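As a plain string of letters, each chain reads:
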Amino acid sequence: MQHLHKKNTTVILGGGLTGLSAGYVLTKAGCSVTLFERDAEVGGLSKTVVHDGFRFDLGGHRFFTKNETIDRFVRDVMDGELISVPRKSKIFMRNKYFDYPLKPMNAAFGLGIPTTIRIIADYWRERIVATFKESAQVSLEDWVVSHFGRTMFNIYFKEYSEKVWGIPCDRISVDWVAQRIRGLSLTRAIKNAFFKFSGKDIPSLVDRFVYSKLGIGRISERLKEEIERENAVHTSTSVERLNYSGSCIESIEVREGTHTYTVKGDDFISSMPLPKLVQILNPVPPRNILDAAARLKFRDLVVVAIMLNRERVTDQTWIYIPEQKIPFGRIHEPTNWSEEMAPKGKTLLVMEFFSFMGDAVWNETDERLTEITVRNLEQLGFIKNSEVIGSVVVRVPKAYPLFEVGYAELSQSLYDYLKRFDNLHLAGRVGMFRYYNMDHALESGMQAAAAVIERMKKRSPLSKRNNGKKPVPASDGTCAAH
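Everything numeric in this text was worked out from a predicted model, so none of it was measured.

The rules behind each value
Residues numbered from 1 in each chain as written. Predicted model: local features only at pLDDT ≥ 70, side-chain atom pairs only at ≥ 80, totals over all residues. Heavy atoms only, no water. Helix = DSSP H or I, 4+ residues; strand = E, 2+ residues; numbered from the N terminus. Buried < 20%, exposed > 50% of the residue type's maximum accessible area, 1.4 Å probe, protein only. Contact = heavy atoms within 4.5 Å. Salt bridge = Lys/Arg side-chain N within 4 Å of Asp/Glu carboxyl O. Phe/Tyr/Trp six-rings, centres within 6.5 Å; stacked < 30°, edge-to-face > 60°. Lys NZ or Arg CZ within 6 Å of the ring centre and 35° of its normal. pLDDT = per-residue confidence, 0-100. Axes fitted to C-alpha atoms, helices over the stretch in contact; angles between N-to-C directions. Parallel < 35°, antiparallel > 145°, perpendicular 65-115°, else oblique. Left-handed = near helix turned anticlockwise from the far one by under 90°. Nonpolar A, V, L, I, M, F, W, Y, C, P; charged D, E, K, R; others polar. Pairing = 2+ DSSP bridges.

Participant: Just to check I follow, could you spell out the overall build of the chain for this structure?
Facilitator: Looking only at helices and strands, the chain has 17 helices and 19 strands in total. Taken across its 482 residues, the chain has 55% of its residues classed as buried. Contacts spanning at least 24 positions in sequence make up 73% of the contacts within the chain whose residues lie at least 6 apart.

See the structure below:
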């Protein structure tokens, strides 16, 4: 086994959007960076698969932000590749389609007047109860019932949420739902249906979003291209061990094919899964820390793409499928996001199967998953089997942190332990075990890079010559001198 030693200023663990944005900012600042990604391609969940002229994302990922800095960052990186896409989404249940976000008339005629009356009555009952009694909200169920009423929870939220997360709604933490659809209530959803401006600041109600015409993975690819102008990005390389002494991370051990080597660094940015990071620390952390890491779980994803000899199937951005009798939970048609996602005259549908690694869905053969998917699409009336001209199955491990009740306390115990390492910077969705949209993931990487640059300035000879006074930056305000 070959052992090499390399010296780098900053080592980045993970090549998703967070690690790439950190690497990009540091590279532009003139810093020495080496980035390691386990997969053969960068991007993590935000990558685009290319197959026989067809392109698809792992579930479809829109970019939307109210942060002008992040918006400008992405537009500068993409340099004209971005397009604006209208969001059109529906929920399919009870053999009918319902608008998402909810529109009162659509819900009334779809569910029937008696059900709609129950929805409204339940909602106002919860509002009245909340006026006199403040109840603790621990789970997704608590939050949704409080904001929408029990009937709405049972009809619109319960089955789909349990399908996505694989656990009962009373075990899904309120932290997730409050972040995901914060600011949304039945009243605001109804207002949005009649007055378009009322939902503009609620992410769940956004009616347009930004997208790359060649797939969301192009953002990751462009970041990688810019990093590689000056620095190295290693794919198909796994981080096996994180070596430390006292309060300092000293090096990592990585495996690239059959070769193992050691990489030293001054700073380390980790966007790899938080539990995994703790588990590869050397020396080994205390038992209670390892136990906390082991209790944090992830939800995995199986994506099945079906290529079709047909110009278009739907006009929707997403179609949500709550019912358990249908095995996949969401459908999207990439050609509705960009016409360049398929050859001319062709289209494709992409289905998401929410899974736990090792379960029946995860272990099923590609051929069988394709057969199941096509059969269900036929039964739903979307396609005919004769139109199918190809398929691709992609398994995505650790796609989403599982925000089970109690996860916040477990995560905090890991944060507190890892704070002892002065040169370790946690970032990203899986790196911090938090719910992050794309803009938050990018921002997290940029913040980690800023923290590294600040540390470099404090370590610089100029800083020491100034006797602890505010350091004099390089001519461009960066760490180019290092």
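Participant: Where do I start with the side chain of serine 139 in this structure?
Facilitator: Inspection of the secondary structure puts serine 139 in the loop between helix 4 (113-132) and helix 5 (140-148). Judged by relative accessible area, serine 139 falls into the buried class, the value being 2%. In this view, serine 139 contacts Cys169, Asp170, Ile172, Ser173, Val174 and Val405; residues no more than four positions away in its chain are not counted.

Participant: What is the right way to look at the pattern of salt bridges in this model?
Facilitator: Close approach of charged atoms lets side chains of opposite charge pair. Counted according to the given criterion, the structure contains 22 salt bridges. A salt bridge links glutamate 141 to arginine 150; the shortest N-O distance between them is 2.7 Å. Residue glutamate 141 is classed as buried on the basis of its relative accessible area of 18%. On the basis of relative accessibility, which here comes to 35%, the residue arginine 150 falls in the partly exposed class. Ionic pairing is found between aspartate 267 and arginine 455, a salt bridge with its closest N-O pair at 2.6 Å. Note that aspartate 267 is positioned in strand 12 (residues 259-270) and arginine 455 in helix 16 (residues 438-459), a separation of 188 residues in sequence. Residue classification places arginine 455 among the partly exposed residues on the basis of a relative accessible area of 24%.

Participant: Help me understand the environment of asparagine 376 in this model?
Facilitator: With respect to the helices and strands, the residue asparagine 376 is situated in helix 13 (residues 366-379). Residues asparagine 376 and lysine 325, 51 residues apart in the sequence, show an inter-C-alpha distance of 9.7 Å.

Participant: Looking at this structure, I do not really get the packing of aromatic side chains. What am I missing?
Facilitator: To describe a pair of aromatic rings, one takes the distance between the centres and the angle between the planes. Counting across every chain of the model gives 22 aromatic pairs. When the ring of tyrosine 160 is compared with that of tyrosine 320, the centres are 5.7 Å apart and the planes differ by 85 degrees; the resulting orientation is edge-to-face. Note that tyrosine 160 is positioned in helix 6 (residues 150-165) and tyrosine 320 in strand 15 (residues 318-320), a separation of 160 residues in sequence. Residue tyrosine 160 is classed as buried on the basis of its relative accessible area of 17%. What makes tyrosine 320 buried here is its relative accessible area of 12%. Here the aromatic residues Trp165, Phe298, Tyr400, Phe403, Tyr407, Phe433 and Tyr435 are joined through ring pairs into a cluster of three or more. Between arginine 299 and the ring centre of phenylalanine 356, over which it is positioned, the NZ or CZ distance is 4.2 Å.

Participant: Sorry, what's going on with the confidence of the model for the chain here?
Facilitator: Keep in mind that low pLDDT regions are not for reading the predicted coordinates in detail. Summarising the model, the chain shows a mean pLDDT of 87, and 86% of its residues fall at 70 or more. Predicted confidence is poor over residues 182-186, with pLDDT under 50, and the contacts of this stretch with residues over four places away or in other chains come to 21 contacts. Segment residues 465-482 is flagged for pLDDT under 50; beyond a separation of four residues in sequence, or across chains, it makes 18 contacts in the model.

Participant: Is there a simple way to think about the packing of helix 11 (residues 287-295) against helix 14 (residues 407-418) in this case?
Facilitator: Working note: a packed helix pair is described by the angle between its axes plus the distance between those axes. With their axes 9 Å apart at the nearest point, helix 11 and helix 14 run at an angle of 135 degrees to one another. Considering their axes alone, helix 11 and helix 14 lie oblique with respect to each other. The crossing of helix 11 and helix 14 is left-handed. Residues Ile289, Ala292, Ala293 and Arg295 of helix 11 form the contact with helix 14, whose participating residues are Leu410, Ser413, Leu414 and Tyr417.

Participant: Would you mind going over the packing of helix 1 (residues 17-28) against helix 9 (residues 217-227) with me for this structure?
Facilitator: With their axes 9 Å apart at the nearest point, helix 1 and helix 9 run at an angle of 35 degrees to one another. Here helix 1 runs over helix 9; the crossing is left-handed. In this structure, helix 1 uses Leu17, Leu20, Ser21, Gly23, Tyr24, Thr27 and Lys28 to contact helix 9, whose residues at the interface are Ile219, Ser220, Leu223, Lys224, Glu226 and Ile227. Its residues placed into classes, the contact of helix 1 with helix 9 shows six nonpolar, four polar and three charged.

Participant: What is the right way to read the pairing of strand 3 (residues 48-51) from this model?
Facilitator: In regular strands, side chains alternate between the two faces of the sheet. Bridge count between strand 3 and strand 4 (residues 54-57): four bridges; the pairing is antiparallel. Looking across to strand 4, one finds that threonine 48 is bridged to aspartate 57. The antiparallel pairing of strand 3 with strand 4 creates a hairpin that spans two residues between the two strands, and aspartate 52 there sits at a positive phi of about 50 degrees.

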